[in-house]
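Commentary on secondary and tertiary structure
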Amino acid sequence: MVPDKEDGARPRRPAHTDPPTGRAGPGRTRREVGETRRPPQRRVSAPQAMRYAAQQLTELLGRTPESVSALKPIEDGWQADVEVVELERVPETTSVIASYRVTLDKEGELMAYERIRRYTRGQIDRST
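All of the points below concern the structure found in this document. Starting afresh in each chain, residues are numbered from 1 along the sequence in its written order. The predicted nature of this model means local features are confined to residues of pLDDT at least 70 and side-chain atom pairs, given and counted, to a pLDDT of 80 or more, with totals for whole chains, interfaces and linings taken over all residues. With hydrogens and water stripped out, all remaining heavy atoms of the structure feed into the side-chain values.

Remarks on the pattern of salt bridges
- Any Lys or Arg side-chain nitrogen located within 4 Å of an Asp or Glu carboxyl oxygen qualifies as a salt bridge. Applying the stated criterion across every chain, the model contains five salt bridges.
- The salt bridge partner of aspartate 81 is arginine 101, with a shortest N-O separation of 2.8 Å. Residue aspartate 81 is located in strand β2 (residues 77–87), and its partner arginine 101 is located in strand β3 (residues 96–105); the two are separated by 20 residues in the primary sequence.
- Taking the shortest distance from any N to any O, the salt bridge between arginine 118 and glutamate 86 comes out at 2.9 Å. Note that arginine 118 is positioned in strand β4 (residues 110–120) and glutamate 86 in strand β2, a separation of 32 residues in sequence.
- The classification of residues rests on relative accessible area computed with a 1.4 Å probe and restricted to protein chains. Under 20% of the type maximum is buried, over 50% is exposed, and intermediate values are partly exposed. On the basis of relative accessible area, arginine 118 is assigned to the partly exposed category, the value being 46%.
- Given the relative accessible area of 17%, glutamate 86 is considered buried. Strands here are runs of E lasting at least two residues and helices are runs of H or I lasting at least four, both read from the DSSP assignment and numbered beginning at the N terminus.

Written as structure tokens, this is what we have:
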């Protein structure tokens, strides 16, 4: 039984037809089917990268970052260190802060993150 279009079912495409233009089928390259590469995107600016790192980490952790303590360009985008309060305590100097390393692509999309350090707010780094 063949479903009617009124059923909401889509008609099947015969298996022997070529894939639609723009998609590479088995043994075909993108160039052969006319698909072009997306033009290389410009790297987002440093202020944008800082905002994107904080915003996307907020979505993942559910906590608002305190600050972006470091930002540097890398080959494929940006790397940022973002400080987040993980445990609020009284007095505030005893609150637990975590530093997360966030990797963004050139367009500012989060590619990876990891917690690299935990410390109390009142802790000072020692000089070496």
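Don't stop here, the text continues.
Remarks on the packing of aromatic side chains
- Two rings from Phe, Tyr or Trp (for Trp, the six-membered ring) form a pair when their centres are within 6.5 Å of each other. A pair whose planes differ by under 30 degrees is stacked, one over 60 is edge-to-face, and the rest are tilted. For the structure on display, the rule yields one aromatic pair.
- Plain terms: the ring middles of tyrosine 100 and tyrosine 113 are 6.0 Å apart, the flat faces sit at 45° to each other, and that makes the pair tilted. Taken as a pair, tyrosine 100 in strand β3 and tyrosine 113 in strand β4 lie far apart in primary sequence, 13 residues in all.
- For tyrosine 100, a relative accessible area of 7% puts it in the buried group.
- Note on criteria: charge over ring means Lys NZ or Arg CZ within 6 Å of the ring centre, with the direction from the centre no more than 35 degrees off the ring normal. Sitting over the face of the ring of tryptophan 78, arginine 43 holds its NZ or CZ atom 5.5 Å from the ring centroid.
- The lysine or arginine in question, arginine 117, covers the ring of tyrosine 119, its NZ or CZ lying 4.1 Å from the ring centre.

Keep in mind these values describe shape, not function.
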